[in-house]
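Understanding the architecture of this molecule
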Amino acid sequence: MQVAVLASGSKGNATFIELDGKKLLIDAGISARRIRQELEGIGQRVEELDGVFITHEHGDHISGLVTLTKKYGVQVYSRPETFRAMSCYRELPIECINPIIDRVRLDRVTVRAFDIPHDAANPVGYVVQGSSRCVVATDMGFVDSSLQEMLEGARVMVLETNHDVEMLKNGSYPYSLKKRILGARGHLSNRDAALAVAGLRQRPRKLLLAHLSESNNRPELARETVQAVFSQQGINDVELYLTDQNQCTCIRL
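Report on the accompanying structure.

Rules and cut-offs
Residues numbered from 1 in each chain as written. Predicted model: local features only at pLDDT ≥ 70, side-chain atom pairs only at ≥ 80, totals over all residues. Heavy atoms only, no water. Helix = DSSP H or I, 4+ residues; strand = E, 2+ residues; numbered from the N terminus. Contact = heavy atoms within 4.5 Å. Salt bridge = Lys/Arg side-chain N within 4 Å of Asp/Glu carboxyl O. Buried < 20%, exposed > 50% of the residue type's maximum accessible area, 1.4 Å probe, protein only. Pairing = 2+ DSSP bridges. Phe/Tyr/Trp six-rings, centres within 6.5 Å; stacked < 30°, edge-to-face > 60°. Polar contact = N/O pair within 3.5 Å; in protein donor to acceptor, adjacent residues only side chain to side chain.

**Thoughts on the side chain of S189**
Topologically, S189 is positioned in the loop between α7 (175-182) and α8 (190-198). Setting aside residues up to four positions removed in sequence, S189 forms contacts with E160, T161, H163 and V165.

**Comments concerning unusual backbone geometry**
For D27, which is not glycine, the phi dihedral falls at a positive 70°. Following the sequence through the fold, D27 ends up in the loop between β3 (22-26) and α1 (32-41). Within the chain, H211 stands out as a residue other than glycine whose phi angle is a positive 55°. With respect to the helices and strands, the residue H211 is situated in the loop between β12 (206-210) and α9 (219-232).

**A few points about the pattern of salt bridges**
Summed over all chains, the structure comprises 17 salt bridges. When the shortest N-O distance is used, the salt bridge between R45 and E47 registers 3.5 Å. With a closest N to O distance of 2.8 Å, R79 and D115 form a salt bridge. Here the residue R79 occupies a position in the loop between β5 (76-78) and α4 (80-85), and D115 occupies one in strand β8 (residues 109-115), the gap between them amounting to 36 residues. Residue class for D115 comes out exposed when judged on its relative accessible area of 51%. Here the salt bridges share partners, and the residues they tie into one network are K23, R45, E47 and E48.

**Concerning the pairing of strand β7 (residues 103-106)**
Of the two faces of β7, only one is covered, namely that formed by V104 and L106; the face formed by R103 and R105 stays uncovered. Bridge analysis of β7 against β8 gives four bridges, and the strand direction is antiparallel. Bridge pairing in β8 links V104 to V111. Counting the residues between successive antiparallel strands, the hairpin from β7 to β8 contains two residues, one of them, D107, with a positive phi of roughly 55°.

**Focus: the packing of aromatic side chains**
Taken as a whole, this structure holds three aromatic pairs when the rule is applied. Taking 4.6 Å as the distance between ring centres and 10° as the angle between the ring planes, the aromatic pair formed by F53 and Y77 counts as stacked. Separated by 24 residues along the polypeptide, F53 in strand β4 (residues 51-53) and Y77 in strand β5 bring together distant segments of the chain. The burial state of F53 is the same as that of Y77; both residues are buried. With centroids separated by 5.5 Å and ring planes inclined at 70°, the aromatic side chains of F53 and Y126 adopt a geometry described as edge-to-face. You can see F53 sitting in strand β4 and its partner Y126 sitting in strand β9 (residues 124-129), a full 73 residues away along the chain. Owing to a relative accessible area of 0%, F53 belongs among the buried residues under this scheme.

**Here we look at the side chain of Q148**
Position of Q148 among the secondary structure elements: in helix α5 (residues 145-151). Within the structure, the side chain of Q148 is placed 2.8 Å from the backbone oxygen of A196, a separation counted as a polar contact. Setting aside its immediate chain neighbours within four residues, Q148 contacts V143, A196, G199 and L200.

Structural data, given as structure tokens:
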């Protein structure tokens, strides 16, 4: 399995997963040109993508979608409500649109969509399951028991660590935006993400910290917060990786 977070943050998100011969993209929130360049940098080709799976319709998750479909004919999968809410929906070639409710099977790989709490039409995270298991879960306000179950058993996990609560509360954002981010349909804090992983029965071998806020977080703070929670819980078997808005983070199992 190869997992490469091509970009992660409020300006654009895209994650590449190769598993059992299938090559997938979770979200396409950066330009198709940059997606192509980042894939080439890890020895992959955009023409070989078996599908793009969209988590929700916000611009930082779909901005490269039109070019990917029109230029490369890439198949796109998402919830019907998400497709209808996309600003670019009418520009997508109809032959590339694949509405899904629960899951889709691509040969030996199953991609399962699961509900996440976020202020979008019908947002999801994804479990990519084959000979190994990868979970991508970002843009969510909290982790409840049903979401916790979806995180179980991943060998690799891409999980949101969006903000430090004190940085956000004391920062320059207007109150309404702070309330949205901290709300039940907002974004996950460093500590809450760490506690969610600590509470798993089967924790990931590799954890990629994703969707870090440029204004309300710092990479070293995200890592330190997660490591502190893990140390308090006696957890020392999870490898941490930081993702970045401007460069690819690639791991292999």
